[in-house]
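Working through the structure, step by step
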Amino acid sequence: MKKYILIPVLLLTLTLTSCFEDIDDIEQIASNSEINDFIYRGLNYYYLYKADTPELANDAFASNEAKVEFIDSFNTPEAIFSYLLSDQEPPFSVLFDNYIELENTLNGITLNNGMKHGFVRYPDGGTNVFGYVRLVLPNSNAEEAGLERGLIFNTVNGTQITDTNYLDILEAETYTLGLATYDGNTVTPTGENVTLTKEQYTENPVYITKTIDHEGIKVGYLMYNGFTSTYDETLNSVFGQFKAEGISELVLDLRYNGGGSVRSATDLSGMITGQFTDQVLYTEQWNDDRQDEEASDGLFTSQTTNGSALNSLNLTKLYVLTTGSTASASELVINCLSTYIDVVQIGLNTRGKFQASRLLYDAPAPYFNRSDANTGHTYAMLPLIFKTANTAGNTDYIDGLIPDIEISEDYSNLGQLGDVNETLLAAALNDILPGPVAPPKNHNNVKELEFKEGLEVMVVN
């Protein structure tokens, strides 16, 4: 009898409570132990390199009490997350304390001033570093401030950029750049300053599209800066335009593309080709516990997620422009298309990230989904869950994918993206057909520093 009475009493209590307080207005704070337990559960279940960490083994602890004692021994969620990661992976698995910001980032919404930049060591071999503007996002604070690609800066808020501070010197919401010039040998301050402020910004990853008439050959050029699934239809429209204009060659500029959605990478691969629908694009390698139940082949598709037919070009050759910032889903496209068509890679080695991640919330396995998440905190993580291989089995390219034509950007004269004389694009056009475009020269007197600009991820949708 009691079990039948308890339910309506509970419902009445919830009804009366809801008249005064909304659950969203109640601050709920999860304990450190709860958050640590979520991290352990998620990595124990999905982590690709689970076998490398003895404490993640299913039989690691003699009792549940011993496991709880281990989990509670870490003072912060960050500490246990770091401890459980394998030594063999670069820092690609990431823990976030605010999944709202993470969700926005994955959708291309960030706190951003619109300046995309890189860092280069001074050619004198010392510790000083200068920054350069790679590109400027449209309708951004950087565009309003008059920044242009190729601008050089060597100080931030009056502080010289060095190889010890460059990773965090641009973290503030507002900062002032000290401008300089670089002639290929010497960095010279100009005395001019530009102040930039970050604002919430939604980035369209389809940055430049154009058709180039190169000695009678119609060449499509696409600079694509992120595999953001909300822009898949925009990307498909671009390929519809290429198709209508009758391009016979395509230069895909992924030099600053750090990755994103696996499905977007699959769609792009189908737009470039189209003749391989339902054939295997990539295979998946999970941890031993998950391989049988989770692994599935990634297939070429003929439709976007929304059901639109792909505007496929049926190409048999592709030119791709790359740098060390080309990562993850970008590398999947290059690696996996290479077993089907001729992929000519131009530029520098890519980043070397062949693993995919999944966004995990503090919810029960196997889904770890948002709707069932613990409302007492906003931690979430993107652990590596599988690695991809092409149909020839190529994976584990830890040193990146090696270009067929190795050439670096000229930081003293970057040129305009999409211009036929810009270094990397000129190299592609000269390989398509040597013509009036001057053959580009290589520039190896300075070394670009590796850094993480935004997330380098290949996210499973």
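Note that the structure is a prediction, hence the values are computed from the model and not measured. (Residues numbered from 1 in each chain as written. Predicted model: local features only at pLDDT ≥ 70, side-chain atom pairs only at ≥ 80, totals over all residues. Heavy atoms only, no water.)

**Regarding the overall build of the chain**
To keep things clear, this is the line we draw: Numbering of helices and strands runs from the N terminus; a helix is a DSSP stretch of H or I covering at least four residues, while a strand is a stretch of E covering at least two. Atoms counted for the radius of gyration: C-alpha only. Globule rule: 2.2 Å times residue count to the power 0.38. Only protein chains enter the accessibility calculation, which uses a 1.4 Å probe; a residue whose area is less than 20% of its type maximum is buried, one above 50% is exposed, and one in between is partly exposed. Any two residues whose heavy atoms approach within 4.5 Å are treated as being in contact. For the accessible areas, the method is Shrake-Rupley and the probe is 1.4 Å, while residue cover comes only from the protein chains on display. Positive charges come from Lys and Arg alone, negative charges from Asp and Glu alone, with His and the N- and C-terminal ends not counted. For charged residues, the charge sits on one atom: NZ in Lys, CZ in Arg, CG in Asp, CD in Glu.
Of the regular secondary structure elements, the chain holds 11 helices and 24 strands. A compact globule built from 461 residues should have a C-alpha radius of gyration of about 23 Å, and the chain, at 25 Å, falls within 12% of that. In terms of its C-alpha atoms, the chain occupies a principal-axis envelope of roughly 90 × 55 × 45 Å. Within the chain, the fraction of its 461 residues that count as buried is 51%. The contacts of the chain with a sequence gap of at least 6 include a subset with a gap of at least 24, amounting to 73%. Accessible surface for the chain amounts to roughly 21200 Å². Of this, 48% is attributable to carbon and sulfur atoms. Each charge sign in the chain was given a centre, from 25 positive and 64 negative side chains, and these centres are 4 Å apart.

**Brief notes about the sheet that holds strand β1 (residues 94-96)**
Here is the rule: Being paired, for any two strands, means DSSP has found at least two bridges between them. To get an axis, fit a line to the C-alpha atoms, keeping to the stretch in contact for a helix; angles then go from 0 to 180 degrees between the N-to-C directions.
Strand order in this open sheet of three strands is β1-β20-β19, and the pairing throughout is antiparallel. Each end of this open sheet is capped by a strand with a single partner; those strands are β1 and β19 (360-361). The pairing of β19 with strand β20 (residues 380-382) spans two bridges and is antiparallel. Paired with Y361 across the bridge in β20 is A380. The sheet contacts of helix α2 (residues 32-46) involve β1, β19 and β20, and relative to β20 the element is tilted by about 25°. Here helix α5 (residues 99-106) sits on the sheet and contacts β1, β19 and β20; the angle it forms with β20, its principal contact strand, is near 35°.

**Some points on the pattern of salt bridges**
Keep this limit in mind: Put simply, a salt bridge is a Lys or Arg side-chain nitrogen that is within 4 Å of an Asp or Glu carboxyl oxygen.
Applying the stated criterion to the full structure yields 13 salt bridges. Notably, a salt bridge pairs R263 with D267, separated by 2.8 Å at the nearest N-O pair. In this pair, R263 and D267 both sit in helix α8 (residues 262-272), four residues apart, roughly one turn of the helix. What emerges from the salt-bridge pattern is a single network uniting R149, D253, R255, E409 and E422.

**Side note on the nonpolar core**
Short version of the rule: For our purposes a nonpolar core is just a set of buried Ala, Val, Leu, Ile, Met, Phe, Trp, Tyr and Cys residues, chained together by side-chain atoms within 4.5 Å.
Of all hydrophobic cores here, the largest spans 68 residues; its most connected members are F239 and I272. Looking at this core element by element, the count peaks at seven residues for α2. Setting aside residues up to four positions removed in sequence, F239 forms contacts with L222, L250, L268, M271, I272, N311 and L313. With 22 residues, the next largest nonpolar core counts L137, I212, Y221 and L321 among its residues.

**Some details on the packing of aromatic side chains**
Stated formally: Only the six-membered ring of Trp is used, alongside the rings of Phe and Tyr, when aromatic pairs are assigned; centres must lie within 6.5 Å, and planes under 30 degrees apart are stacked while those over 60 apart are edge-to-face, with the rest tilted. Two thresholds decide whether a charge sits over a ring: the Lys NZ or Arg CZ must be within 6 Å of the ring centre and within 35 degrees of the ring normal.
Applying the stated rule across the entire model yields 24 aromatic pairs. Between the aromatic rings of F354 and Y397, the centroid separation amounts to 5.3 Å while the plane-to-plane angle is 70°, which identifies the pairing as edge-to-face. Here Y397 lies in the loop between β21 (384-389) and β22 (405-406) and F354 lies in the loop between β17 (342-347) and β18 (355-357), a separation of 43 residues in the sequence. The ring centre of Y256 lies 6.0 Å from the NZ or CZ of R255, which sits over that ring.

**Side note on the pairing of β21**
Most of β21 sits out of view: six of its six residues are buried. The pairing of strand β14 (residues 280-285) with β21 spans three bridges and is antiparallel. Looking at β21, one finds that T283 is bridged to A389.

Distances and angles like these do not, on their own, reveal function.
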